[in-house]
Amino acid sequence: MGVPLPESRWRPWAELPERYLSDIIRNLPCILDHARFSGVCTRWRETARPNPPRFPFPWLMMPSTAATSFFCVACGATHHRPRLPADARGARFCGSFPGGWLVAELPWPHGHYALLNLLTGARVPLPRLLAVPCHGGGKMCPVVLHAVTLSAAPSVEPGPGEPYYAAAIVAGQSNIAFWCPRAGNCWFPPIFSSDASDESWHDFLPKDRIEDVIYFSGKYFVGFYVLTNEEDLLMFRPKPDGDGAQLSTFTVRYSFPGHRAAEPAPGQTVSRYLVVSRGELLMIVRFAGPEERTRFDVLVLEEKKIVGGADHNDPPRVLASWRRCCSAATLSGRRIFLGRCCSVAVDVGYPFPLYIYFLDDGRRSHGALPTAGSPPYPCSETGGFWFFNKGIVRCLPREPPSDCSPWIWFYLSDETFRAGVPPPATPACGWGVDTDSE
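Below, the structure is looked at part by part. What you are looking at is a predicted structure, and each value in this text was computed from that prediction instead of being measured.

**Examining the overall build of the protein chain**
- For the protein chain, the count of helices and strands is five helices and 26 strands.
- The proportion of buried residues among the 438 residues of the protein chain is 52%.
- Look at the contacts in the protein chain between residues 6 or more apart in sequence, and 55% of them connect residues 24 or more apart.
- Accessible area for the protein chain stands at about 19800 Å²; split by element, carbon and sulfur atoms hold 54% of it.

Below is the structure:
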C-alpha cells in the first residue's frame, strides 16, 4: 500500500496538465459526461468547449405516462433528463428535429399538436385543421398527423426571412400536408394555386401509401421528398401564396424506368426510410419476419435528367434510378438511425462498417399508422444491424409496450455539442442540473 502524500504536496485538479485534460475529454462519449467534466472548474470547462463529443448520436426517447426516459447509444446509460412539460406527459410523439425539437399530440385538449423544445422550453402550436379546396369554395377539415418533419429548425417568433416549413403524413382528405408559420392556423394539401375552388389538387397526391418524408437538396430541386410503398418518389416545395395566408406547392415526380419495388416474402413485412448522407439521398429497405432474420437493403438515388415542365398540364419529371449498394466499403464510416420522418446518418470519422439502428415499426409496416388513444405501442423489435456480416445486435432497450407513444430519436442541439454542456435550466425547461442515470 502506497504512502499518501502530505497535504502540502497535493495539487488541485484545476492544475492537471492540458494534454491529460484533452485526452480525457476526447474519450468521453456522452454529452452528460461532458457536462460533468465541465462542472469541475472554469479551466476544465474551457477545455471542453473546443472538444465536443466525437459522435453526436441521438438519444432514444422512451415515452411513458409514468416516466419518460432517454437511452444514450454512446455510453449505454439511461437518463431521466430532460423532463417533459406537465401537459406533455402521456403525449404521442410523431416528429423529431435537431436542436431538441419534438412534435407532440398533446393528451389534453385532445387533438391539439405542438412543436416542443425540451432543451429551451420553447413551444410552437401546430394546426389541427386542413384547408381543402373544393367546388364552390374551400372548407376546413380535421386532420390527424401521423409523422412530421421540418425544413429547418423552428423560429419561435417568425421573422422577415425565409420561413421554415413542416410536412406531415396525415389522415383525412389528403395523405400529405404542409404548413409554415405564415400560413396561419391550417395545413394545406399540395395545391398548385390559391384558388379555393380548384379540385385538381387531387392529381398531385401520392397515389400509394406514404412510407417516409424528408427535406433534401437534390441535384435539380430542393424540397420535401416523399417515398411511397411502391418506391415512387415525389418532390414538394411549398411557398406562401398571395398574401401569405395560404400555401401553394410546386410538385415534381420522379420516374424509375424498369425499377420494381421490393416485395415481402410470405409472413414478412417491408418498411422503407429516406436518409440524407454525405449529400446523397438513401432509401433504406427493412425486411422483417418471424421466419427470417431482419435484413436491410441500401439504395442511392441517382438523378439523370429533367423531362417535361412546359406548362401546368405538363409538370416536370425527373428520370432517375435507385442504385443498390452491395459493397460494405462504399457505406463505411457512418451510422444510420432509422425513424419515420426523422432518420439521420452520422459520420464516425473512420472506416467503420455501416451500422443501422432500428426501432419497432411493426404496426406501421402492416399499414396501420399510430394515433393517440391507440396503445399499446410495441417496443420489442429494436436493435442494430451490421452491414458487414448482416447480423442483428440487440443493443437497444427492449421494454414492455409504451402506453402513450412509439419510441422516437431525440436530437440534441448543435450549440449544446459545441458548448460541451447542456443549456442552463429554466422554469420552462425540463433539462435541470441533475444528471443522474441508471
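**Structural notes on the nonpolar core**
- In this structure, L115, L145, V148, W179, W187 and V213 are the most contacted members of the largest nonpolar core, which totals 44 residues.
- Among the elements that make up this core, the one with the highest residue count is strand β11 (residues 166–171) (five residues).
- When near neighbours in sequence (up to four residues on either side) are disregarded, W179 contacts V124, P125, L126, P127, Y164, Y165, A166, G184, C186, W187 and L247.
- One finds F57, F93, F352 and L412 within the second-largest nonpolar core, a separate group that totals 40 residues.

**Some words on helix α2 (residues 31–38)**
- Burial runs high along α2: six of the eight residues are buried.
- If you check which residues of α2 are buried, you get I31, L32, H34, A35, F37 and S38.

**Notes on the layout of surface pockets**
- For the largest pocket, the calculated volume is near 480 Å³.
- Going through the elements one at a time, β4 (92–97), β10 (144–150), β13 (210–217), β22 (344–347) and α5 (414–419) are the ones with two or more residues in the lining of the largest pocket.
- Grouping the amino acids of the lining of the largest pocket by side-chain chemistry returns 17 nonpolar, three polar and one charged.

**Observations concerning the pattern of salt bridges**
- Enumeration according to the criterion identifies 18 salt bridges in this entry.
- The partner of E211 in a salt bridge is R340, and the shortest N-O contact between them spans 3.5 Å. Taken together, the positions of E211 in strand β13 and R340 in the loop between β21 (334–337) and β22 put the pair 129 residues apart, joining distant regions of the chain.
- Given a relative accessible area of 1%, E211 falls into the buried group.
- Take R340: its relative accessible area is 13%, and that puts it in the buried class.
- Residue R398 pairs with E381 through a salt bridge whose shortest N-O separation is 3.9 Å. Of this pair, R398 sits in the loop between β25 (391–393) and β26 (408–410) while E381 sits in the loop between α4 (362–365) and β24 (383–386), and the two are 17 residues apart along the sequence.

**Observations concerning helix α1 (residues 18–26)**
- Regarding α1, the residues found buried are L21, S22 and I25. The buried side chains of α1 occupy one side of the element, clustering within an arc of 100° when seen end-on.
- In this structure, the buried side of α1 is in contact with α2 and α3 (42–48).

**Examining the sheet that holds strand β3 (residues 78–79)**
- The four strands are arranged β3-β2-β1-β26 in an open sheet whose pairing can be described as antiparallel. Lying at the two open borders of the sheet, with one neighbouring strand each, are β3 and β26.
- The pairing of strand β1 (residues 59–62) with strand β2 (residues 69–72) spans four bridges and is antiparallel. Looking across to β2, one finds that W59 is bridged to C72.

**Considerations on the environment of I392**
- Following the sequence through the fold, I392 ends up in strand β25.
- I392 sits in the partly exposed class, given a relative accessible area of 24%.
- In this structure, the C-alpha to C-alpha distance between I392 and Y357, residues 35 residues apart in sequence, is 9.7 Å.

**Quick word on the sheet that holds β11**
- Ordered by their spatial adjacency, three strands build an open sheet running β10-β11-β12, and the pairing between neighbours is antiparallel. At either margin of the open sheet sits one strand with a lone partner, and together these are β10 and β12 (176–179). Across the sheet, the axes of successive neighbouring strands diverge by a mean angle of 30°, strand direction being ignored.
- Of the strand pairs in this sheet, β11 and β12 are connected by four bridges, and their pairing is antiparallel. Bridge pairing in β12 places I169 opposite I176.

**A short note on the side chain of E231**
- Inspection of the secondary structure puts E231 in the loop between β14 (222–228) and β15 (233–241).
- What makes E231 buried here is its relative accessible area of 2%.
- A polar atom in the side chain of E231 sits 2.6 Å from the side chain of H259.
- Not counting chain neighbours up to four residues away, the residues in contact with E231 comprise F256, H259, R260, A261, A262, R272, M283, V285 and W322.

Reading guide: rules and limits
Residues numbered from 1 in each chain as written. Predicted model: local features only at pLDDT ≥ 70, side-chain atom pairs only at ≥ 80, totals over all residues. Heavy atoms only, no water. Helix = DSSP H or I, 4+ residues; strand = E, 2+ residues; numbered from the N terminus. Buried < 20%, exposed > 50% of the residue type's maximum accessible area, 1.4 Å probe, protein only. Contact = heavy atoms within 4.5 Å. Areas by Shrake-Rupley, 256 points an atom, 1.4 Å probe, with all protein chains shown as cover. Core = buried A, V, L, I, M, F, W, Y, C linked by side-chain atoms within 4.5 Å. 1 Å grid on protein atoms, 1.4 Å probe; cavity = no way out; pocket = protein on both sides within 12 Å on 5 of 7 lines; lining within 4 Å. Points joined across faces, edges and corners; volume = space filled by probe spheres on them. Nonpolar A, V, L, I, M, F, W, Y, C, P; charged D, E, K, R; others polar. Salt bridge = Lys/Arg side-chain N within 4 Å of Asp/Glu carboxyl O. Arc of directions from axis to C-beta. Pairing = 2+ DSSP bridges. Axes fitted to C-alpha atoms, helices over the stretch in contact; angles between N-to-C directions. Polar contact = N/O pair within 3.5 Å; in protein donor to acceptor, adjacent residues only side chain to side chain.

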